[in-house]
Amino acid sequence: MQLSEEQRLMRQSCRQFVDAVVIPFIRKDWQREWLMTPEDRLPPEILAGAEEVGIRTLGVPEEFGGLELDKTSEVQTFAIIAEEIARGDSGLADKLVQNWKVSVLLRRVAPRRLQEKWFQRLIEDPQFLLAHCLTEPRGASDRWLPYNVPEAAMQTRAVKKNGEWVINGRKQFISNGYDAGLYVVYANTDPAVGMLQGTSSFLVPRDTPGLTVARCNETLGCRFMNNGELVFEDMRVPADHLLVENDALGKAAVYFRPGKIIQAAKNLGVGVRAFELAADYVQNYVQGGRILIKHQAVALRIADMATRIEAVRALLERASHAVDANAPDGDALCNMVKVFASEEIMKVAQHAAELHGGNGIMLDFGVEKLLRDAAIFLHMDATVDISKMKIVKSMFPHTAGKYAGPE
Ligand SMILES: Cc1cc2nc3c(=O)[nH]c(=O)nc-3n(C[C@H](O)[C@H](O)[C@H](O)COP(=O)(O)OP(=O)(O)OC[C@H]3O[C@@H](n4cnc5c(N)ncnc54)[C@H](O)[C@@H]3O)c2cc1C
């Protein structure tokens, strides 16, 4: 891919930050991701460092102090930077990209006064995080298809009373859910209709009465992003904090399309790091009197890793270009690359662990972390099967796209 001067410079400064700060931190402080006080896991200097290289608040409009990217290639730039950060640490990348993705949504749907207020907070505080809350204990995948029937609607319910919205329900598995300062929350506002017509979105500051951050999930990988659970009990949200009334899921495409590209790009970054470590190891580690790569079975695995990485990269470039161009096949392509990356990079990470033998499984060696990080991508932003359902649904909307229940 031909990079613009802006993209090349951003990638370069991001790569330097990752090589000089993130990778040395991960290697030296490998125990830190296992701290059971989530707020202490990632030292604040790391997010401050991301701020210094100008990658923390991508997506925030220039008029509110953000770094505005060329709109014709914004999603492609997100992909380039997300890959670089995830090469250093996938959890750190999760933390940061959530700010970009939610910013893109807010600049489209939030009232100007609220944009001014919250973008300013985000710009001023390097530790400030945003979160996007859809998933609930009794619903996620159906939402992604979506089965547009009342019985599949969200359980979280928002009712308008005395000029404000009262929200009850809960959300689970939310990226940055444990430590975000501002949440976008989706709730049912019309139980009589399907979720495409009856779901609204709201802007919810962390200190809203009735909002409880119930727990931080202890995840297998990407552990520097604190995934959380939220409970809403008679949570009162002012009327002007309604972002989109009733057709919020359709309007959220502006979040999901770049989101899936970014997801695949982070995943690619994990694969690239796995390749770097494995390539280095097999050139240096001696077994049977020869460095590992001299053994043909080992060399073949390296070829397999490289081929999978290049295939993911090629599809990512094509899909991110389609999303930037708002092409008709953009939706299918971003789902394709998200699911393809998750399965291919899982295999790449497995090769890396296997090529390291016993060392590949030891926590202090640092290779098993890539296997754990790669596994998370199979479950984030829709499962593998649901992503595939979405692809076929966009190709055959009248058959595969219809609810399998009674006609
Ligand atoms: C690390 C992480 C971060 C996340 N971040 C966020 C976030 O920021 N915001 C957010 O809203 N959510 C987030 N999620 C939630 C994520 O989007 C969901 O986990 C995912 O969509 C799957 O939903 P589920 O866990 O409820 O699985 P389920 O829907 O319970 O699925 C369980 C299994 O059943 C299959 N299945 C379910 N329904 C169907 C069906 N109708 N047809 C065929 N197969 C079906 C699924 O494919 C899967 O194999 C995150 C998850 C993880 C792991």
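The present account deals with the structure reproduced in this document. (Residues numbered from 1 in each chain as written. Predicted model: local features only at pLDDT ≥ 70, side-chain atom pairs only at ≥ 80, totals over all residues. Heavy atoms only, no water.)

**A word on the overall build of the protein**
Working step 1: In terms of regular secondary structure, the protein is built from 13 helices and 10 strands.
Working step 2: Its C-alpha atoms give the protein a radius of gyration of 21 Å, near enough to 22 Å, the size a compact globule of 407 residues would have.
Working step 3: By the burial criterion, 54% of the 407 residues in the protein qualify as buried.
Working step 4: Long-range pairs, those at least 24 residues apart, make up 76% of the contacts in the protein with a sequence separation of at least 6.
Working step 5: Here the protein holds 48 positive side-chain charges and 53 negative ones, and the gap between their average locations is 2 Å. (Helix = DSSP H or I, 4+ residues; strand = E, 2+ residues; numbered from the N terminus. Rg over C-alpha atoms; globule rule 2.2 N^0.38 Å. Buried < 20%, exposed > 50% of the residue type's maximum accessible area, 1.4 Å probe, protein only. Contact = heavy atoms within 4.5 Å. Lys, Arg positive; Asp, Glu negative; His and termini not counted. Charge placed at Lys NZ, Arg CZ, Asp CG, Glu CD.)

**Things to note about the nonpolar core**
Working step 1: Formed by 101 residues in total, the largest nonpolar core has its most connected members in Ile 81, Ile 85, Trp 100, Leu 106, Tyr 186 and Ile 261.
Working step 2: Sort the elements by how many residues they give to this core and helix α9 (residues 253-284) lands first, with 15 residues.
Working step 3: Look past the residues within four positions of Leu 106 in its chain and what remains in contact with it is Gln 115, Phe 119, Leu 182, Val 184, Leu 203 and Leu 243.
Working step 4: One finds Ile 174, Ala 180, Ala 187 and Val 204 within the second-largest nonpolar core, a separate group that totals 19 residues. (Core = buried A, V, L, I, M, F, W, Y, C linked by side-chain atoms within 4.5 Å.)

**With respect to the packing of helix α4 (residues 90-109) against helix α5 (residues 112-124)**
Working step 1: Between α4 and α5, the shortest axis-to-axis distance is 11 Å and the interhelical angle comes to 165°. Between α4 and α5, the interaxial angle falls into the category roughly antiparallel. When the axes of α4 and α5 are compared, the crossing they make is left-handed. Facing α4, whose interface residues are Asn 99, Ser 103, Leu 106 and Arg 107, α5 presents Gln 115, Phe 119 and Leu 122.
Working step 2: Looking at side-chain class alone, the contact of α4 with α5 contains 3 nonpolar, 3 polar and 1 charged residues. (Axes fitted to C-alpha atoms, helices over the stretch in contact; angles between N-to-C directions. Parallel < 35°, antiparallel > 145°, perpendicular 65-115°, else oblique. Left-handed = near helix turned anticlockwise from the far one by under 90°. Nonpolar A, V, L, I, M, F, W, Y, C, P; charged D, E, K, R; others polar.)

**Overview of the packing of aromatic side chains**
Working step 1: Counted according to the given criterion, the structure contains 8 aromatic pairs.
Working step 2: A ring pair is formed by Trp 165 and Phe 202, whose centres lie 5.3 Å apart and whose planes are at 65°; its orientation type is edge-to-face. In this pair, Trp 165 is assigned in strand β3 (residues 164-174) and Phe 202 in strand β5 (residues 199-205), connecting sequence segments 37 residues apart. Exposure class is identical for Trp 165 and Phe 202. Each is buried.
Working step 3: Both rings, one in Tyr 255 and one in Phe 256, keep their centres 5.2 Å apart while their planes meet at 85°; by these two values the pair is edge-to-face.
Working step 4: Overall, Tyr 255 belongs to the buried group, its relative accessible area being 4%.
Working step 5: The exposure class of Phe 256 is buried, given its relative accessible area of 14%.
Working step 6: Ring pairs connect the aromatic residues Tyr 281, Tyr 285 and Phe 365, which therefore count as one cluster. (Phe/Tyr/Trp six-rings, centres within 6.5 Å; stacked < 30°, edge-to-face > 60°.)

**Concerning the site of the ligand**
Working step 1: Among the 22 residues in the neighbourhood of the ligand, the closest are listed as His 132, Leu 134, Thr 135, Ser 141 and Thr 383.
Working step 2: Taking Leu 134, its main chain carries an N or O atom lying 2.8 Å from an oxygen atom of the ligand.
Working step 3: Only β1 (130-133), α6 (141-144), β3 and α13 (384-395) provide two or more residues apiece to the shell around the ligand.
Working step 4: Tallied by class, residues from the shell around the ligand come to 12 nonpolar, 8 polar and 2 charged. (Near = heavy atom within 4 Å. Polar contact = N/O pair within 3.5 Å; in protein donor to acceptor, adjacent residues only side chain to side chain.)

**Observations regarding the environment of Gly 221**
Working step 1: Along the chain, Gly 221 turns up in the loop between β6 (211-217) and β7 (227-238).
Working step 2: Distance in space between the C-alpha atoms of Gly 221 and Arg 372 is 4.7 Å, their sequence separation being 151 residues.

**Considering the state of the cysteines**
Note: disulfide means a covalent bond formed between the sulfur atoms of two cysteine side chains.
Working step 1: In the structure shown here, the tally under the stated rule is 0 disulfides.
Working step 2: Left without a disulfide partner, Cys 14 is nearest to the cysteine sulfur of Cys 222, which lies 16 Å away.
Working step 3: Looking at Cys 14, the relative accessible area reads 0%, which means it is buried.
Working step 4: The thiol of Cys 222 is unpaired, and the distance to the nearest cysteine sulfur, on Cys 216, comes to 13 Å. (Disulfide = S-S within 2.5 Å.)

**Section: helix α3 (residues 74-88)**
Working step 1: With 15 residues, α3 extends 22 Å between its outermost C-alpha atoms, agreeing within 8% with the 21 Å of an ideal straight helix rising 1.5 Å per residue.
Working step 2: Of all 15 residues making up α3, 15 are buried, and the element is well covered by its neighbours. (Expected span 1.5 Å × (residues − 1).)

**Section: the pairing of β1**
Working step 1: Of the two faces of β1, the one holding Leu 130 and His 132 and the one holding Ala 131 and Cys 133 are both buried throughout.
Working step 2: Sheet topology places β1 next to strand β4 (residues 182-188); 4 bridges connect them, and they run parallel. Within β4, the residue paired with Cys 133 across the bridge is Val 185. (Pairing = 2+ DSSP bridges.)

**Points about the pattern of salt bridges**
Working step 1: Per the stated rule, a full pass over the model turns up 31 salt bridges.
Working step 2: In this structure, Glu 218 engages Arg 41 in a salt bridge whose closest nitrogen and oxygen atoms are separated by 2.7 Å. You can see Glu 218 sitting in the loop between β6 and β7 and its partner Arg 41 sitting in the loop between α1 (5-28) and α2 (44-52), a full 177 residues away along the chain.
Working step 3: Arg 41 gets classed as buried once you look at its relative accessible area, which sits at 1%.
Working step 4: Arg 308 is the salt-bridge partner of Glu 344, the closest N and O atoms lying 3.2 Å from each other. One end of the pair, Glu 344, is in helix α11 (residues 330-355); the other, Arg 308, is in helix α10 (residues 296-324), with 36 residues separating them in the sequence.
Working step 5: One connected set of salt bridges, linked through shared partners, spans Arg 15, Asp 19, Glu 84, Arg 87, Arg 273 and Glu 276. (Salt bridge = Lys/Arg side-chain N within 4 Å of Asp/Glu carboxyl O.)

**Quick notes on α2**
Residues lying three or four places apart along an α-helix face the same way, a consequence of the helix completing one turn every 3.6 residues.
Working step 1: Every buried residue belonging to α2 is among Ile 46, Leu 47, Gly 49 and Ala 50, and all of these are buried. Buried residues of α2, seen end-on, are gathered within an arc of 150° and therefore sit on one face of the element. Opposite the packed face of α2, turned more than 90 degrees from it, sit the exposed residues Glu 45 and Glu 52.
Working step 2: Contact partners of the buried residues in α2: α1 and α4.
Working step 3: With its phi angle positive at about 75°, Gly 54 sits one or two positions after the end of α2. (Arc of directions from axis to C-beta.)

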